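Given next are the chains, with one letter for each unit.
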Amino acid sequence: MKLVSAIIKPFKLDNVREAISDIGVEGLTVTEVKGFGRQKGHTELYRGAEYQVDFLPKVKLDIAVQDDVVQRLVEVISEAAHTGKIGDGKIFVYDLEHAVRIRTGEQDAEAI
Amino acid sequence: MEQNIFQLQYAMDTFYFLICGALVMWMAAGFSMLEAGLVRAKNTTEILTKNVALYAIACMMYLCIGYDIMYGGGIFLSGIETVDPAKVLADFSAREDGFSGSAIYSAASDFYFQVVFVATAMSIVSGAVAERMKLWAFLAFTVVLTGVIYPIEGSWTWGGNAVFGLYTLSELGFSDFAGSGIVHMAGAAAALAGVLLLGARKGKYSADGRINAIPGANLPMATLGTFILWMGWFGFNGGSVLKLGDIASSHSVAMVFLNTNAAAAAGALAALIFAKILFKKADLTMVLNGALAGLVVITAEPSTPTPLQASLFGAIAGIVVVLSIISLDKLKIDDPVGAISVHGVVGLLGLLLVPITNNASTITGQLIGAATIFVWVFVTSFVVWFVLKKLVGIRVSEDEEYEGVDKSDCGLEAYPEFTGS
């Protein structure tokens, strides 16, 4: 099992959700996050005074899947979240040790 | 028949006063929303508490002694509860200029209309000292301003009394229709005294002289507050005609509504365009301040300008307010909502523009009046703030300011999370 953690531009969330539904992924968790990468921040203006916004809003998706789905999932997310402009985000893949579905007590492969 | 028409005129002018008073009361909601929108989320509950409490204190203090000091209306308004219709009708018949003569209305409606102005003056203060002043020191100051400082100033202007028995402002050609100076600049003078003793919010000005932005938490709320104030202002200026019940007066009321609206619109537009030129961006908070500046500037005389003049005055105010906000920041006078610029600087501008359209006023009279109001309110407020500072302190601790005064003063947050529900 793997946990795919993708940080994407917020307005791409719907695209990505539809795309991963199409390949049969049945669940994900979304978190609103802030951060910076190469895009860095930008300056904003309030009542004549400029200020630096260092952390930009992004959306983070956490998706637990079987090993055989991972490669396809990463491709699909990359495609759906792509704009070609700086700040498109990143995808991280972790090993997932264990999973439990709380309602039924099902474990691991059956739980995701 | 004539007696019945007088009865109706009394009823109409009383009713008009009450409706306008209710509109001005609603400005308390406008100030609350504007201030809640322009402070940070962690100080929202406290600024709302201040706004509700200051309104209530203003009403109580004006009822107890303020109205008596300003207009001789009796301590605790004694005697206001009775009316003798026969005497009222006799007053109507005795009026020299007959039906179109000066308004006669219920004394209770007059109190109600006047009391909401007191609250407006105090609302101006709460925005300027936001995010760092102790709640109870602020409320203590509110008691003094609304009970004594403002009523004494009002007794010299609208009350017609001589200033310390020395000179009478109305005889010098001073004219302030609905209170650009008497209400707005007075509130700003009290606010300025408080801000000077209080100091800037932590982090607003860096040691190297940089001015840091502290963005407001909720601009939809600030915009709603501005529109509420804009609407309430029709009562503020329109009611100050004091009479609706004849052709000349009702036309005057209509002109006041028209000019008030035109000045606000022109002020918003001028600030929008000026901010775009100056900062390359359409800064919404400046546009909001521009609309309010238009309203403040026309308040000194909304009945005599032509619609074009009213629009020009509003536009000038919209530009002046932006320049004033930037200048105050350079002087390190931290005013989170721009109250001192909107109500003080532009209030003064409004007074000085009156002689252009109103021949009954003079520029000397306006200057002396403005100086009298400012010096009196600023000096007495400074003394009260200073005494409060020495006795109980007026500023919250550094930790409390960092955590937000919602928690330290009110014990609750405006937008709670993880509450278990």
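Rules used throughout
Residues numbered from 1 in each chain as written. Chains lettered and ligands numbered in written order. Predicted model: local features only at pLDDT ≥ 70, side-chain atom pairs only at ≥ 80, totals over all residues. Buried ≥ 20, exposed ≤ 12 C-beta atoms within 10 Å, placed from the backbone. Helix = DSSP H or I, 4+ residues; strand = E, 2+ residues; numbered from the N terminus. Pairing = 2+ DSSP bridges. Axes fitted to C-alpha atoms, helices over the stretch in contact; angles between N-to-C directions. Contact = placed C-beta atoms within 7 Å. Left-handed = near helix turned anticlockwise from the far one by under 90°. Nonpolar A, V, L, I, M, F, W, Y, C, P; charged D, E, K, R; others polar. Parallel < 35°, antiparallel > 145°, perpendicular 65-115°, else oblique. Core = buried A, V, L, I, M, F, W, Y, C linked by C-beta atoms within 7 Å.

K.L.:
Describe the pairing of strand β2 (residues 29–35) of chain A, and please don't skip the residues or the numbers.
P.N.:
All names here are of chain A. For β2, a buried count of 0 out of 7 residues is recorded, marking the element as mostly open to its surroundings. Sheet topology places β2 next to strand β5 (residues 56–65); 7 bridges connect them, and they run antiparallel. Bridge pairing links T31 to K60 in β5.

K.L.:
An account of the sheet that holds strand β6 (residues 89–95) of chain A is needed here, citing residue identities and associated values.
P.N.:
Residue and element names in this part refer to chain A. Read from one edge of the open sheet, 4 strands run β2-β5-β1-β6, paired in antiparallel fashion. If you trace the sheet from one side to the other, it starts and ends with β2 and β6, each paired once. Across the sheet, the mean angle separating the axes of adjacent strands is 20 degrees when strand polarity is ignored. Note that strand β1 (residues 2–8) and β5 share 7 bridges and pair antiparallel. Residue pairing for β5: K2 is matched across the bridge by V65. Docked against the sheet, helix α1 (residues 13–22) engages β1, β2 and β5, running at close to 10 degrees with respect to β5. Across the sheet, helix α2 (residues 67–80) is in contact with β1, β5 and β6; its angle to β1 comes to roughly 5 degrees.

K.L.:
So what about the packing of helix α6 (residues 180–198) of chain B against helix α12 (residues 363–391) of chain B? Which residues, and what values?
P.N.:
All names here are of chain B. At a minimum axis distance of 8 Å, the contact between α6 and α12 shows a crossing angle of 35 degrees. Classified by chirality, the crossing of α12 by α6 is right-handed. Residue-level contacts link G181, I182, M185, A186, A189, A190, L192, A193, G194 and L197 of α6 to G369, A370, I373, F374, V377, F378, S381, F382, W385, F386 and K389 of α12. When grouped by side-chain class, the residues that make up the contact of α6 with α12 number 16 nonpolar, 4 polar and 1 charged.

K.L.:
Outline the packing of helix α7 (residues 219–238) of chain B against helix α9 (residues 284–299) of chain B, supporting the account with residue identities and numerical values.
P.N.:
All names here are of chain B. The contact between α7 and α9 brings their axes to 10 Å, and the two run at 10 degrees. Between α7 and α9, the crossing angle belongs to the class labelled roughly parallel. Where α7 approaches α9, its residues L219, A222, T223, T226, L229, W230, W233, F236 and N237 are matched on the opposing element by L284, T285, L288, A291, L292, L295 and T299. Of the residues that constitute the contact of α7 with α9, the class distribution is 11 nonpolar, 5 polar and no charged.

K.L.:
Residue-level account of the nonpolar core, with values.
P.N.:
Ranked by size, the top nonpolar core spans 123 residues in total, and within it A58, A186, A189, A191, V297, A317 and V346 of chain B carry the most contacts. In terms of residues, this core owes the most to one element, helix α1 (residues 2–38) of chain B, which gives 14 residues. Within the second largest apolar cluster, 13 residues are counted, among which are I8, V25, L61 and A81 of chain A.

K.L.:
If you had to explain the interface of chain B and chain A to someone new, which residues and values would you point to?
P.N.:
Across the boundary between the two partners, chain B contributes 12 residues, which contact 7 residues of chain A. Elements that contribute at least two residues to the side of chain B that touches chain A include exactly α9 and α10 (307–330) of chain B. Per-element tally for the side of chain B that touches chain A: the top contributor is α10 of chain B, with 3 residues. Within the side of chain B that touches chain A, the residues separate by chemical class into 7 nonpolar, 2 polar and 3 charged.

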